[in-house]
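Observations on the model geometry
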Amino acid sequence: MNNKISRRDFVISSAAAGLAATTPVTSKAQTPAAKIKSGIKPVVIASRNGFTIKNGGDISCVETAFERMARGDDVLDSLIAGVNIVELDPEDTSVGYGGLPNADGVVQLDSCCMHGPRKQAGGVAALEGIRNPSLVAKAVMDHTDHHLLAGRGAQEFARSMGFKIEDDLNTERSRELWLNWKRRVDPRHYLDPEKRFEAGAQAGLDMVKEGLIEENDYYGTINCNGVNWKGELCGVTTTSGLAWKIPGRVGDSPILGAGLYVDGEVGAAGSTGRGEANLYGLLSYLIVEEMRSGNHPKDAGMEALRRVKDNTIEPRLLNNRGLPNFNINFYVINNVGDYAGVGLYSPENRSQYSVCTENGAELMPFEPLLDGSPSD
Ligand code: ASP
């Protein structure tokens, strides 16, 4: 597999960005004026699906975001333009349109975004009928005094902002997979809390084992963070959440401090994987605070993973080795462009994250805390 993309037009764009470093640029958003800082290595980092070329296009999420940053666009607008590609992709069953639906067969989306220089944030949870929840999260940030809108209210807000509401965000594939899951589930699983987990989760994991869905899609999300030549930091996370979740279940993705945290002076961190493990410790916030104390993104991320391991003691969440039987990943950058992708586990080369710098886009293996895989 070719894990590196380096296109000529992309390099040219980066060169243009070098020019931008000496020429004042006008950002679309009202970002406080920032000077070009020396020693900053601009970067965009994202989950693995940020690397894939979508819909017959010729450019991935991370390249799109990096190119737009290079043109001088606002960093958050650039990152959102990147994740919009993934949200609209019907084949990505973990994000946006065609994301795997909840237990009732309804696609419910979560997203949040944070703007470091503006010190503003917005999010939506359990949002139905809109393919680009990241744009609605940005509208919450831009047009309200609030940080998080959920469910019906979030949809009504989006409608009032001019977003198109669709009846159903399922694709044929996501609906077919939901039907497959439904057929496997004990019809009593909503009545018995223990069975609910076992039947629901087991049926989903069996589908992964049988190759019907990729593990990355059963879980799956996109988090994308970036820093530009001026050291301006932003981040966005968007997801359809856990496949077949209980309607109304909200994971870590739209929660500030969990699925994403950005401090414009320090760094940014975001997550994919088991949201409940992240919500318990608000780990993106923890990672940014670790960086504030001077730690490198990798060490900050590892501290969060140690918290996950230490906080996982329920037998149903442990494998035969007494370790977590799930995975979780963090995507971390600091204010000068050092970055890291860390994961509880990094089994084989399926566990990778996307990076784009002036040298092009690349898939990188996660730094794992633990050997082996969640199921060992
Ligand atoms: N973290 C997301 C959630 O819990 C899902 C994922 O990234 O796998 O909703």
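Look up a bit, the structure's there.
Here's a quick rundown of the structure.

Tallied over the entire structure, the rule returns 17 salt bridges. Among the ionic pairs, D168 bridges to R175, the shortest N-O distance being 3.1 Å. We classify D168 as partly exposed; its relative accessible area is 32%. Across the pair E276 and R249 runs a salt bridge, and its minimum N-O distance is 2.9 Å. Highlighted residues: E276 in helix α9 (residues 275–279) and R249 in the loop between β7 (233–239) and β8 (260–263), separated in sequence by 27 residues. Judged by its relative accessible area of 17%, R249 falls in the buried class. Within this structure, D77, R118, K138 and D142 form a network of salt bridges that share partners.

The subject of this paragraph is the site of the ligand. Of all residues adjacent to the ligand, which total 12 residues, the nearest are G220, T221, R249, D252 and G273. One of the side-chain N or O atoms of T221 is found 2.5 Å from an oxygen atom in the ligand. Contact distances for the ligand include 3.0 Å between an oxygen atom and a backbone N or O atom of G275. Burial of the ligand by the surrounding chains reaches 99%, relative to a free accessible area of 270 Å². Judged by its atoms lying within 2 Å of the grid points, the ligand is housed in the largest cavity.

Cut-offs applied
Residues numbered from 1 in each chain as written. Predicted model: local features only at pLDDT ≥ 70, side-chain atom pairs only at ≥ 80, totals over all residues. Heavy atoms only, no water. Salt bridge = Lys/Arg side-chain N within 4 Å of Asp/Glu carboxyl O. Buried < 20%, exposed > 50% of the residue type's maximum accessible area, 1.4 Å probe, protein only. Helix = DSSP H or I, 4+ residues; strand = E, 2+ residues; numbered from the N terminus. Near = heavy atom within 4 Å. Polar contact = N/O pair within 3.5 Å; in protein donor to acceptor, adjacent residues only side chain to side chain. Areas by Shrake-Rupley, 256 points an atom, 1.4 Å probe, with all protein chains shown as cover. 1 Å grid on protein atoms, 1.4 Å probe; cavity = no way out; pocket = protein on both sides within 12 Å on 5 of 7 lines; lining within 4 Å. Sits in = over half its atoms within 2 Å of the grid points.

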